[in-house]
Amino acid sequence: QEEEEEEVEEIVKEMPPELYCAVPSGDLGVIFDEQEQPPKVAALEDDSCLKDFGVVPGMVVDTIELEDSTKHYELTTNELTDLLLQHEYSEGRMICFINPDLVDITLKPVIEEEEEEMPLECEAHLPAGTIGCGFNHNPVAITEMDEDSPLHDDNVVVGMLVDTVMLGDGTVHYELELDAFLTLLHDHKDEEGRVVRFIHPDHYDELKTPKPPYQGPDEVTCTVPAGSLGVSFNGAPPFVTKLSDESPLHDEGVVVGMKVDTVQIDGVTHYEMDHLEVSALLKEHAESEEERVIRFVAPHYVN
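Below: a short report on this structure.

Cut-off values and rules
Residues numbered from 1 in each chain as written. Predicted model: local features only at pLDDT ≥ 70, side-chain atom pairs only at ≥ 80, totals over all residues. Heavy atoms only, no water. Buried < 20%, exposed > 50% of the residue type's maximum accessible area, 1.4 Å probe, protein only. Helix = DSSP H or I, 4+ residues; strand = E, 2+ residues; numbered from the N terminus. Pairing = 2+ DSSP bridges. Lys, Arg positive; Asp, Glu negative; His and termini not counted. Salt bridge = Lys/Arg side-chain N within 4 Å of Asp/Glu carboxyl O. Contact = heavy atoms within 4.5 Å. Axes fitted to C-alpha atoms, helices over the stretch in contact; angles between N-to-C directions.

### Brief notes about the pairing of strand β16 (residues 259-265)
Then step 1. Across the 7 residues of β16, 6 count as buried, placing the element largely inside the fold.
Then step 2. For β16 and strand β18 (residues 292-297), the ladder comprises 6 bridges, and the chain directions are antiparallel. Within the sheet, the bridge partner assigned to I265 lies in β18 and is R292.
Then step 3. Here β16 folds back onto strand β17 (residues 268-271) in antiparallel fashion, the turn holding 2 residues, of which D266 has a positive phi close to 50 degrees.

Okay, structure coming up:
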């Protein structure tokens, strides 16, 4: 037993503090102690190339740098074994062995991500399709962005607020709440030419685009003809976002921005609908002979 202790002491004495080994391709002829973490050399085969570098049992693997300059830190024994197996025939692997009694393990460096500088304002030109973003809150804020989101190209960063949305036909929407904004994106996701203006949250009040003053009647009640009305709605309560040039509602005095208060179909009155319900109801009865009466009110109207 005393002889074994003397042998162990001799090995420790011969163990250098640190060795950097540029190992060749192929098997390294090393056995690691599976019970030890970090990876500790348990034995070296007779023809192991590591002996030429001065590696001895008891030394610990500190780091390994692969041929592509990727450096790995704080590896477990299993992780190191898998890595060596995957890159067994690679040239240029650099392994650092240390004497654990003299040298501390190198910790993986913490890389601080640089925060993207937030511009005061920017306009994002949206392509057709999804834009890889998440939104929340009121005013609407962008809360997440996929790495491949097209908004990165327009300098949009997480945290900015939605100011206005312009659709492909030139219609501009102001002061949108979250539900109305998401509905607008969804309903027009296949359109080209959409533009969203984003602004810095700390300068929202000074940078936001004021909604143009409403110019139209307080109320319009009209019996509409059969067929398409050439009108688009959004929100709840639904408001008119677009009137085509051929819309019969022009003749009734209806203007963009007015809200739908009620829809009466053949004497049955429908109240408190959202834009999807109004659109579906009008479409369902578009070609029928039933009388359709719509009451529009100004956006400031309170029932």
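### Description of the side chain of E88
Then step 1. Summarising the element assignment, E88 is placed in the loop between α3 (77-86) and β6 (93-98).
Then step 2. Among buried Asp, Glu, Lys and Arg side chains, E88 stands out as unpaired, with R93 the closest opposite charge at 7.3 Å.
Then step 3. Excluding anything up to four places from it in sequence, E88 contacts S25, G26, D27 and R93.

### With respect to the environment of F198
Then step 1. Mapped onto the elements, F198 comes out in strand β12 (residues 194-199).
Then step 2. It is 49 Å that separates the C-alpha atoms of F198 and M94, two residues lying 104 residues apart in sequence.
Then step 3. With sequence-adjacent residues up to four places away left out, F198 is seen in contact with L120, E121, C122, A124, F135, I142, L151, V156, M160, L161 and V162.

### Quick look at the sheet that holds strand β5 (residues 71-73)
Then step 1. In spatial order, the strands read β1-β6-β4-β5; together these 4 strands make up an open sheet with antiparallel pairing. The sheet is open, and its two borders are formed by β1 (18-23) and β5, each paired with just one other strand. Within the sheet, the average angular offset between the axes of one strand and its neighbour, ignoring direction, is 25 degrees.
Then step 2. Examined bridge by bridge, strand β4 (residues 60-65) and β5 share 3 bridges and lie antiparallel to one another. Each bridged residue has a counterpart across the sheet, and for E65 the counterpart in β5 is K71.
Then step 3. Sitting on the sheet, α3 touches β4, β5 and β6, and the angle it makes with β4 is about 40 degrees.

### Some points on unusual backbone geometry
Then step 1. That bond from Q37 to P38 is cis: its omega, 0 degrees, falls within 30 degrees of zero.
Then step 2. Of note, P38 is situated in the loop between β2 (30-32) and β3 (41-44).
Then step 3. The omega torsion of the bond from A236 to P237 falls at 0 degrees, within 30 degrees of zero and hence cis.
Then step 4. Locating P237 in the fold gives a position in the loop between β14 (231-234) and β15 (239-243).

All we've got here are geometric facts, nothing functional implied.
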